[in-house]
Amino acid sequence: MSKEAFIGSIDQGTTSTRFIIYDKLARAIGSHQAEFTQFYPEAGWVEHDPMEILESVKVCITKAIDKATADGHDVDRGLKAIGLTNQRETTVVWSKSTGCPLYKAIVWMDVRTSSICRKLEKKLAGGRTHFVETCGLPISTYFSALKLLWLLENVDAVKEAVKTGDALFGTVDTWLIWNLTGGVDNGLHVTDVSNASRTMLMNLKTLEWDKPTLETLEIPIEILPKIVSNSEIIGNVAKGWPIPGIPIAGCLGDQHAAMVGQACRKGEAKSTYGTGAFILLNTGEEIIQSNHGLLSTIAFKLGPEAPANYALEGSIAIAGAAVQWLRDSLGIISTASEIEDLALQVDSTGGVYFVPAFNGLFAPWWRDDARGVCIGITRFTNKSHIARAVLESMCFQVKDVLDSMHKDAGEKGEVKNEKGEFVLRVDGGATVNNLLMQIQADLLGSPVVRPADIETTALGAAYAAGLAVGVWKEDEIFASGEKIEKATIFRPKLHAELRKKKVESWCKAVSRTFDLADLSL
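As a starting point, this report considers the structure included with it. All figures in this text were calculated on a predicted structure; none of them were measured in a lab. (Residues numbered from 1 in each chain as written. Predicted model: local features only at pLDDT ≥ 70, side-chain atom pairs only at ≥ 80, totals over all residues. Heavy atoms only, no water.)

**Notes on the sheet that holds strand E5 (residues 79-86)**
Stage number 1. Across the sheet, which stays open at both edges, the 6 strands sit in the order E3-E2-E1-E5-E14-E13 with mixed pairing between neighbours. Each edge of the sheet is formed by a strand with only one pairing partner; in this case those strands are strand E3 (28-35) and strand E13 (231-236). Taking the axes of each pair of neighbouring strands and ignoring which way they run, one obtains an average angle of 25° across the sheet.
Stage number 2. Relative to strand E14 (residues 247-253), E13 is paired through 3 bridges, and the arrangement is antiparallel. (Pairing = 2+ DSSP bridges. Helix = DSSP H or I, 4+ residues; strand = E, 2+ residues; numbered from the N terminus. Axes fitted to C-alpha atoms, helices over the stretch in contact; angles between N-to-C directions.)

Here it is, written out as structure tokens:
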């Protein structure tokens, strides 16, 4: 491969879209980011406009290529493939004939489906865990199948299109690939194993749509996309896009892409801090069913013939979103980056504990009746204490998940360093906050490793695409020793006795959030 070999990566997140171009040494040589609108039509409802997301992708590709070209890189001739990574579970249904969405995209954190969840739990023999054996997931507002059921029950345009055979269902990856490969003009209707594993409809063992589940939920298989691996040439970008003819060669849900970007092998875990926080532990080729509130999911499958790696996952709905709430709803800070300086003005929270159960709690609690609380407030409390409590809430939630992971995976399921410590790899926008990372290490009582490039989600999708077209080999991607050498390591400084007391106080605060969904307006 010549040095002028580039891989592009579309990173479609919950609040913004980015396109990053990487060279053969996996260095970013051009990027552009665009935010898009969040719609909150009712309490607990969150929607995106699929057409606005499409437009954001187009803008980001054009501007990133312009920037790289202006810096002297011949991207037009050197671009070998693009990868794609996306917010998972977010659900779109659109018309095959017009290409138009039949409703806005229902976002992963939306909780409008809670009554459908309750109904299914009562009706099905296995209750909340009825499908866990098959798909690794409990019945929850989080997953795409429930969002699709809501659309089938409540949106006439969706019902009609399903009846006439004009409806297509997909998560955001499917919507983007269909449009990128031609849309109404023979666009490809596909998804990858990682995104499919978050719908509640894929069998984790066969990696195919599970017919008994579809029959139980009365979801027609005809509207579902074809499932492919994370690293293979899916199709080429169509005319009308900035990069026509370029292969789309990698596709992963954002958390799975971060695992590849972090080079997480069996027994290694990463935590991504974005709108939510997502902790995944690679369990190798073995599916581990959790007894402690975690999900069994795909880690990645890097090629049609490659073995699937599985993972235990703990998903946290509100992490960075709590900082956005301080900024946008309360006005305590004017930019997200200000929270670190504000929280550093005090050396503790002054006994304040904040639990951001805005739309319920995900792992390991799974309580959609939970609502946010801030306890321990006294006349002494000021905005610095609140800011610090918000940062601590992110770290406590990650600790809750990792405690569950240690119990589920056991000693054999985890890799430790030469000092016998379990090391957590971290990434995502919020990890630039050094105080947050130090609090995380303090509350875990073990090291936290932040890579030199914290945008590992986009990098993971680029790796998957580059692997498929021969730009990289798998052993180059997983040469993680070199990455750790360039990383920043945060070591715990908090005394074990104080850590124990703080965790007890946090658990007390969490218990106060339950059964608050029906508080009067």
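On we go.
**A short note on unusual backbone geometry**
Stage number 1. The peptide bond linking Ala363 to Pro364 adopts the cis configuration, its omega dihedral lying at -10°.
Stage number 2. Mapped onto the elements, Pro364 comes out in the loop between strand E19 (353-355) and strand E20 (373-375).
Stage number 3. The phi dihedral of Glu89 falls on the positive side, at around 70°, and the residue is not glycine.
Stage number 4. Residue class for Glu89 comes out buried when judged on its relative accessible area of 2%.
Stage number 5. Backbone geometry at Glu218 places phi at a positive 60°, although glycine is not the residue there.
Stage number 6. When you line up the elements, Glu218 lands in the loop between helix H9 (211-217) and strand E12 (226-228). (Buried < 20%, exposed > 50% of the residue type's maximum accessible area, 1.4 Å probe, protein only.)

**Quick notes on the environment of Glu285**
Stage number 1. Turning to its location among the elements, Glu285 is positioned in the loop between strand E16 (277-284) and strand E17 (295-300).
Stage number 2. With 26 residues separating them along the chain, Glu285 and Ala311 place their C-alpha atoms 8.9 Å apart.
Stage number 3. Setting aside residues up to four positions removed in sequence, Glu285 forms contacts with Pro307, Ala308 and Tyr310. (Contact = heavy atoms within 4.5 Å.)

**Observations concerning the pattern of salt bridges**
Stage number 1. The tally for this structure, following the rule as stated, stands at 21 salt bridges.
Stage number 2. When the shortest N-O distance is used, the salt bridge between Glu313 and Arg88 registers 2.6 Å. Here Arg88 lies in the loop between E5 and strand E6 (91-95) and Glu313 lies in strand E18 (residues 309-316), a separation of 225 residues in the sequence. Note on accessibility: Glu313 and Arg88 belong to one class, buried.
Stage number 3. Among the salt bridges present, the one from Arg118 reaches Glu121, with a minimum N-O distance of 2.8 Å. One end of the pair is Arg118 and the other is Glu121, both in helix H3 (residues 114-123) and 3 residues apart, which spans about a single turn.
Stage number 4. On the basis of relative accessibility, which here comes to 19%, the residue Glu121 falls in the buried class.
Stage number 5. Sharing partners across several salt bridges, the network here consists of Arg88, Glu89, Arg198, Asp254 and Glu313. (Salt bridge = Lys/Arg side-chain N within 4 Å of Asp/Glu carboxyl O.)

**Structural notes on the sheet that holds E18**
Across a sheet, paired strands are connected by hydrogen bonds in the backbone, their directions being either parallel or antiparallel.
Stage number 1. Pairing is mixed across the open sheet formed by 7 strands, whose spatial order is E17-E18-E16-E15-E21-E22-E23. A strand with exactly one partner marks an edge of an open sheet, and here the two such strands are E17 and strand E23 (488-490). Adjacent strand axes in the sheet meet at a mean angle of 30° when their direction is disregarded.
Stage number 2. The pairing of strand E22 (residues 448-450) with E23 spans 3 bridges and is classified as antiparallel. From the neighbouring strand, Arg450 faces E23, where its bridge partner is Thr488.
Stage number 3. Strands strand E15 (269-273), E16, E18 and strand E21 (424-427) of the sheet are contacted by helix H13 (residues 383-409), whose axis makes an angle of about 145° with E18.

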